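Read off the chains here:
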Amino acid sequence: MSRETGIRLGFIGLGVMGEPMCRNLIAAGKWPVIAHDLRGEPLHRVVSAGAKAGSTAPALADETDVIITCLPGGDQVHDLYFGTDRLMDRIRKGQTLVDMSTSPPSLMRDLAAAASHRGASFADAPIARTRQAAKDGTLAIMVGADQAVFEALLPILSAMGSDVVHCGAIGAGQIVKIMNNMVLFQTVQALAEAITLAEGAGVDGEILLDTMSKGSGDSFALRNHAMMSLLPETYPEHAFAVHYAAKDLAYALDMADEQKVGVPGALNMARQFDEAINSGFGDCYFPVVRRLLKKV
């Protein structure tokens, strides 16, 4: 795809991950990008980088061929398309909608059906990895879509991610992302417990993690969340906060309820997140659950 194809991209949601993702689409130089966000600051920054500002979400839809959403969660996506903005009413034949938020699989199927009714295509394409990966364009992107839609979107998604995987039909991308996060949260919790116990017993936490990284306890969570957050006990705001993590985990628990599958590890993690929120840590980076261990 190139500018010569006439494909115009719309990007809605310039948060911690969305803004750098939008910047990478602009930097690729292949498509005109129209961006929209309720906050003026990030919108001004991407406009300075080369995007055009969409005054409203419906106005953006009128000017674009592919609309990407990267919002806090399913509630915001639902409200955008079916609620306050009624964006679905503006969708036209031939457009493609891509939700890169982490949202319920059932909502993805509802959006796909509504888009199809209007002659448009749909894909769910949630993201994984860190803020730095969003800046570097090395996100992992899990896609649920028809094969033809996936192939058409691949050049666009590849401008934002280094590992773009077709996971299956509509909703499959969200299912894989939700399971990824369920495992990540529990791994970070286990690492928080390990560091706290090891340091309490007189072992240096850095030595612990370095040694574990050479053995069977190694993981992405160890090399990123543990080394960069748990070990120095740095839990910034404006990162992947406990509130968002709890939301994603709730989607996994909903799936477990639907399938009547017991998930005791996930249930315990949900209790940890609830305690973190009740302790005033809801806006902190989610590895902050380590602070709860010292209160036992």
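**Student:** Sorry if this is basic, but what is going on with the overall build of the protein here?
**Tutor:** Each helix and strand counted, the protein has 13 helices and 9 strands in total. Against the compact-globule benchmark of 19 Å for 296 residues, the protein has a radius of gyration of 20 Å, which places it among compact chains. Overall size of the protein, expressed as C-alpha extent along the three principal axes, is 65 × 45 × 35 Å. In the protein, buried positions account for 50% of the 296 residues. Residue pairs at least 24 apart in sequence account for 68% of intrachain contacts in the protein once pairs closer than 6 positions are excluded. Of the roughly 13,300 Å² of accessible surface on the protein, a fraction of 54% belongs to carbon and sulfur atoms. Seen as two clouds, the 26 positive and the 33 negative side-chain charges of the protein have centres 4 Å apart.

**Student:** Help me understand the nonpolar core, please; the structure alone is not making it clear to me.
**Tutor:** A general trend in soluble globular proteins is that nonpolar side chains are found buried together. In terms of nonpolar packing, the biggest core is built from 39 residues, with Phe185, Leu191, Leu230, Leu249, Phe273 and Phe286 touching the most fellow members. Elements represented by at least two residues in this core include exactly helix 8 (172-200), helix 9 (205-212), helix 10 (220-230), helix 11 (242-259), helix 12 (264-278) and helix 13 (290-293). Ranked by residues supplied to this core, first place goes to helix 8 with 9 residues. Excluding residues that lie within four positions of it along the chain, Phe286 makes contacts with Leu184, Phe185, Val188, His225, Phe240, Ala241, Val242, Ala245 and Phe273. Grouped together as the second largest cluster of nonpolar side chains are 37 residues, Ala123, Ala145, Ile156 and Met160 included.

**Student:** How do you make sense of the state of the cysteines when you look at a structure like this?
**Tutor:** Across all of its chains, the model carries 0 disulfides by this definition. As a non-bridged cysteine, Cys22 has Cys70 as the owner of its nearest cysteine sulfur, 10.0 Å distant. By relative accessible area, Cys22 is classed as buried at 0%.

**Student:** So what exactly am I meant to see when it comes to the environment of Arg271 here?
**Tutor:** The residue Arg271 is located in helix 12 in this model. Between the alpha carbons of Arg271 and Asp283 there is a distance of 16 Å; along the sequence they are 12 residues apart.

**Student:** Help me understand the packing of aromatic side chains, please; the structure alone is not making it clear to me.
**Tutor:** Note on aromatic pairs: each is described by the distance of the centres and the angle between the planes. Counted under the stated rule, the structure contains 6 aromatic pairs. Centroid distance Phe240 to Phe286: 5.6 Å. Interplanar angle 75°. Geometry classified as edge-to-face. With Phe240 in the loop between helix 10 and helix 11 and Phe286 in the loop between helix 12 and helix 13, the pair connects residues that are 46 residues apart, well separated along the chain. By relative accessible area, Phe240 is classed as partly exposed at 27%. Its relative accessible area of 1% is what places Phe286 among the buried residues. Seen in terms of ring centroids, Tyr285 and Phe286 are 5.6 Å apart; in terms of plane orientation they differ by 75°. Their pairing is edge-to-face. There is no split in this pair, since Tyr285 and Phe286 are both buried. Pairwise contacts between aromatic rings join Phe185, Phe240, Phe273, Tyr285 and Phe286 into one cluster.

**Student:** Quick question: what am I supposed to make of the pattern of salt bridges here?
**Tutor:** When their charged atoms lie close together, side chains carrying opposite charge are able to pair. Overall, the coordinates contain 14 salt bridges when judged by the stated rule. In this structure, the salt-bridge partner of Arg8 is Asp65, at a minimum N-O distance of 3.1 Å. Highlighted residues: Arg8 in the segment before strand 1 (9-12) and Asp65 in the loop between helix 3 (57-63) and strand 4 (66-69), separated in sequence by 57 residues. Among the residues examined, Arg8 registers a relative accessible area of 31% and is labelled partly exposed. When the shortest N-O distance is used, the salt bridge between Asp62 and Arg90 registers 2.4 Å. Linking Asp62 in helix 3 with Arg90 in the loop between helix 4 (74-82) and strand 5 (96-99), this pair joins segments that are 28 residues apart in sequence. Here the salt bridges share partners, and the residues they tie into one network are Arg8, Asp65 and Arg92.

**Student:** What am I meant to see in the pairing of strand 6 (residues 121-124) here?
**Tutor:** When strand 5 meets strand 6, the two strands line up parallel, connected through 4 bridges. Along strand 6, the bridge assignment pairs Val98 with Ala123. Each parallel crossover has a hand, and the one from strand 5 via helix 5 (residues 105-117) to strand 6 is right-handed.

**Student:** What exactly am I supposed to notice about the environment of Ile12 here?
**Tutor:** Its location among the elements puts Ile12 in strand 1. Here Ile12 falls in the buried class, since its relative accessible area comes to 4%. The residues touching Ile12, leaving out its near neighbours within four places in the chain, are His36, Ala57, Leu60, Ile67, Ile68, Thr69, Cys70, Leu71, Leu80 and Leu87.

What counts and what doesn't
Residues numbered from 1 in each chain as written. Predicted model: local features only at pLDDT ≥ 70, side-chain atom pairs only at ≥ 80, totals over all residues. Heavy atoms only, no water. Helix = DSSP H or I, 4+ residues; strand = E, 2+ residues; numbered from the N terminus. Rg over C-alpha atoms; globule rule 2.2 N^0.38 Å. Buried < 20%, exposed > 50% of the residue type's maximum accessible area, 1.4 Å probe, protein only. Contact = heavy atoms within 4.5 Å. Areas by Shrake-Rupley, 256 points an atom, 1.4 Å probe, with all protein chains shown as cover. Lys, Arg positive; Asp, Glu negative; His and termini not counted. Charge placed at Lys NZ, Arg CZ, Asp CG, Glu CD. Core = buried A, V, L, I, M, F, W, Y, C linked by side-chain atoms within 4.5 Å. Disulfide = S-S within 2.5 Å. Phe/Tyr/Trp six-rings, centres within 6.5 Å; stacked < 30°, edge-to-face > 60°. Salt bridge = Lys/Arg side-chain N within 4 Å of Asp/Glu carboxyl O. Pairing = 2+ DSSP bridges. Right-handed = clockwise from strand over helix to strand, strands pointing away.

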